[in-house]
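Examination of the molecular architecture
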Amino acid sequence: GKGVFKEEFVTAGGVGLKGVNMKRMESKAVPGLFFAGELLDVDGITGGYNLQSAWSTGTAAGRAVADLAASKVLQVDPASAKAGSQPASHEQPGQ
């Protein structure tokens, strides 16, 4: 139906949902690439449905990115950890 102003707008097109992990909003083809909102092929009347879609998919993508970033930070390369424990050539031990 039409709204008070007798006009409705619908967004359409975007990244196909078959290529997206919908729980994480992550590309199945390119790991680490995330989508949200109107980048996705979800049709909806503007002003409410599309906003809810943007908030929900943005939240899911943001949480997935945060989880990914946290997992990268927690991964420590043993070689760099060992190298990092040595004082630089200009530093004296104990400084």
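Our subject in this report is the structure included herewith. Because the structure is predicted, anything quoted here is derived from the model rather than measured. (Residues numbered from 1 in each chain as written. Predicted model: local features only at pLDDT ≥ 70, side-chain atom pairs only at ≥ 80, totals over all residues. Heavy atoms only, no water.)

For the rest of this paragraph, the subject is the overall build of the chain. The helix and strand inventory of the chain stands at 2 helices and 4 strands. Starting at the N terminus and ending at the C terminus, the chain contains elements arranged as β-β-β-β-α-α. Expressed as a percentage of the 95 residues in the chain, the buried residues total 16%. Intrachain contacts of the chain at a sequence separation of at least 6 include 56% that bridge at least 24 residues. For the chain, the exposed surface amounts to about 7200 Å²; the carbon and sulfur share of it is 60%. (Helix = DSSP H or I, 4+ residues; strand = E, 2+ residues; numbered from the N terminus. Buried < 20%, exposed > 50% of the residue type's maximum accessible area, 1.4 Å probe, protein only. Contact = heavy atoms within 4.5 Å. Areas by Shrake-Rupley, 256 points an atom, 1.4 Å probe, with all protein chains shown as cover.)

Here we come to the nonpolar core. Counting 7 residues, the largest nonpolar core is built from Val 20, Met 25, Phe 34, Phe 35, Leu 40, Ala 61 and Ala 64. If near-sequence neighbours (up to four positions away) are discounted, Ala 64 is found in contact with Arg 24 and Phe 34. (Core = buried A, V, L, I, M, F, W, Y, C linked by side-chain atoms within 4.5 Å.)

Close approach of charged atoms allows side chains with opposite charge to pair. Taken as a whole and assessed by the stated rule, the structure comprises 1 salt bridge. Note that Arg 24 is salt-bridged to Glu 26, the shortest N-O span being 3.0 Å. With a relative accessible area of 25%, Arg 24 lands in the partly exposed category. Among the residues examined, Glu 26 registers a relative accessible area of 12% and is labelled buried. (Salt bridge = Lys/Arg side-chain N within 4 Å of Asp/Glu carboxyl O.)

Before going further, it helps to examine the side chain of Asn 50. For Asn 50, the location among the structural elements is in helix 1 (residues 49–74). For Asn 50, a relative accessible area of 13% corresponds to the buried category. A polar contact of 3.0 Å, which involves the side chain of Asn 50, links it to the side chain of Glu 38. Not counting residues up to four positions away in its chain, the partners in contact with Asn 50 are Thr 11, Glu 38 and Ile 45. (Polar contact = N/O pair within 3.5 Å; in protein donor to acceptor, adjacent residues only side chain to side chain.)

In this structure, Met 25 is a non-glycine residue whose phi angle is positive, near 60°. Mapped onto the secondary structure, Met 25 falls in the loop between strand 2 (20–21) and strand 3 (26–27). On the basis of relative accessible area, Met 25 is assigned to the buried category, the value being 2%.

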